[in-house]
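Chain and residue survey
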Amino acid sequence: LMRQWRRLKRWVKDEAECAAAYRRWRSLARENQAGSPVWLARSDLQRAQEWLNPADQKHPWRPSEAWAQRYNEAGRSDRDAGAAFALTARYIKASQDEVERRQQERERAQTRDLLAEQNRRKARRLKKVAAALTVVVLLSTWFGYHAYQSERQAQVLRLVAESEVTESSHPDKR
């Protein structure tokens, strides 16, 4: 008998926790329906999903409209309780959809940020390559100019040397 009493206490406690959670989720669902974008997140969403679709096969209990009628607000009809339960179930699903949408949005933002960073790196690399090519072109131009000047100076010296050789070989032309 004592063992059964403990089990009953656990059931009553579990039922009270489920009812309190349901009331809170129902209230949030109504706020959301009224235009306040309030969504379940993380552990609260996980708990709501487990409550709505339990994975425990030993206890195949699932919340239902009939169960929700026990926790109907004073002055509301059974039909209202059914509608509130359906609204709460849709709210839990919509919260999951919102969490997934936000996750996808974060992933897209991360992808955009990653691509932008890659583009910045590529731009920096291109600037470095352009600067290096500019240096190479300037050095090539400088060396080319000096080679041209050396060639001209060599030609002048050769002409001078040739004219001196010509003058020294023909002393009478002076």
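Description of the structure in this document. (Residues numbered from 1 in each chain as written. Predicted model: local features only at pLDDT ≥ 70, side-chain atom pairs only at ≥ 80, totals over all residues. Heavy atoms only, no water.)

**A short note on the overall build of the chain**
In plain terms, the rule: Only DSSP runs of H or I reaching four residues or more are called helices, and only runs of E reaching two or more are called strands; each is numbered from the N terminus. Burial classes: relative accessible area under 20% of the type maximum marks a residue as buried, over 50% as exposed, and values in between as partly exposed (1.4 Å probe, protein chains only). The contact definition used throughout considers only heavy atoms, calling two residues in contact when any of these lie within 4.5 Å. Here the open area of atoms and residues is found with the Shrake-Rupley method and a 1.4 Å probe, where only the protein chains shown may cover a residue. When charges are counted, Lys and Arg contribute as positive and Asp and Glu as negative, whereas His and the chain ends are disregarded. To locate a charge, take NZ of a lysine, CZ of an arginine, CG of an aspartate or CD of a glutamate.
The helix and strand tally for the chain stands at 4 helices and 0 strands. Going from the N terminus to the C terminus, the chain shows its helices and strands as α-α-α-α. Reported as C-alpha extents along the three principal axes, the dimensions of the chain are approximately 145 × 40 × 20 Å. Burial status across the chain gives 17% buried among its 174 residues. Relative to all contacts within the chain whose residues are 6 or more apart in sequence, the contacts with residues 24 or more apart total 64%. Summing over all exposed atoms, the chain offers an accessible surface of approximately 13,900 Å²; the carbon and sulfur share of this is 56%. Charged side chains in the chain number 35 positive and 23 negative. The centres of these two groups are separated by 7 Å.

**Quick look at the side chain of aspartate 44**
Quick note on the threshold: The definition of a polar contact used here is a pair of N or O atoms within 3.5 Å, where within protein one atom must be able to donate a hydrogen and the other to accept one, and adjacent residues in sequence count solely through side-chain atom pairs.
Residue placement: aspartate 44 occurs in helix α2 (residues 42-52). Only 2.8 Å separates the side chain of aspartate 44 from the side chain of arginine 24, close enough to count as a polar contact. In this structure the side chain of aspartate 44 is engaged in a polar contact, spanning 3.4 Å, whose partner is the side chain of tryptophan 25. Not counting the four nearest positions on each side in its chain, aspartate 44 is found in contact with Arg24 and Trp25.

**What to know about α2**
The following threshold applies: Working note: the arc is built from the helix axis to C-beta atom directions.
Within the sequence span of α2, burial applies to Asp44, Leu45, Ala48, Trp51 and Leu52. Across the axial projection of α2, the buried residues extend over an arc of 125 degrees, all falling on one side. For α2, exposure combined with an orientation more than 90 degrees from the buried face picks out Arg42 and Ser43.

**Things to note about unusual backbone geometry**
At arginine 42, a residue that is not glycine, the phi angle is positive and equals roughly 50 degrees. Structurally, arginine 42 is set in helix α2.

**Structural notes on the nonpolar core**
To be explicit about the condition: Among buried residues, those of type Ala, Val, Leu, Ile, Met, Phe, Trp, Tyr and Cys that are joined through side-chain atoms within 4.5 Å constitute a nonpolar core.
Formed by 19 residues in total, the largest nonpolar core has its most connected members in Tyr22, Trp25, Leu40, Trp51, Trp67, Phe85 and Ile92. Residue assignment for this core shows that the elements contributing at least two residues are α1 (2-33), α2, α3 (65-69) and α4 (78-169). Considering every element that reaches this core, the biggest residue donor is α1, with 6 residues. In contact with tryptophan 51, other than residues within four places in its own chain, are Cys18, Tyr22, Trp25, Trp61, Pro63, Trp67, Phe85 and Ile92.

**Points about the packing of aromatic side chains**
Two aromatic rings, taken as a pair, are described by how far apart their centres are and by the angle between their planes. Quick reminder of the rule: Stacked, tilted and edge-to-face are the three classes applied to pairs of Phe, Tyr and Trp rings, where Trp contributes its six-membered ring and a pair requires centres within 6.5 Å; stacked means planes under 30 degrees apart, edge-to-face means over 60, and tilted covers the rest.
In total, this model carries 9 aromatic pairs according to the counting rule given. Feature note: the residues Tyr22, Trp25, Trp51, Trp67, Tyr71 and Phe85 constitute an aromatic cluster, connected by ring pairs.

**Re the side chain of threonine 88**
Mapped onto the elements, threonine 88 comes out in helix α4. Judged by relative accessible area, which is 0%, threonine 88 ranks as buried. Not counting the four nearest positions on each side in its chain, threonine 88 is found in contact with Tyr22, Trp25, Arg26 and Ala29.

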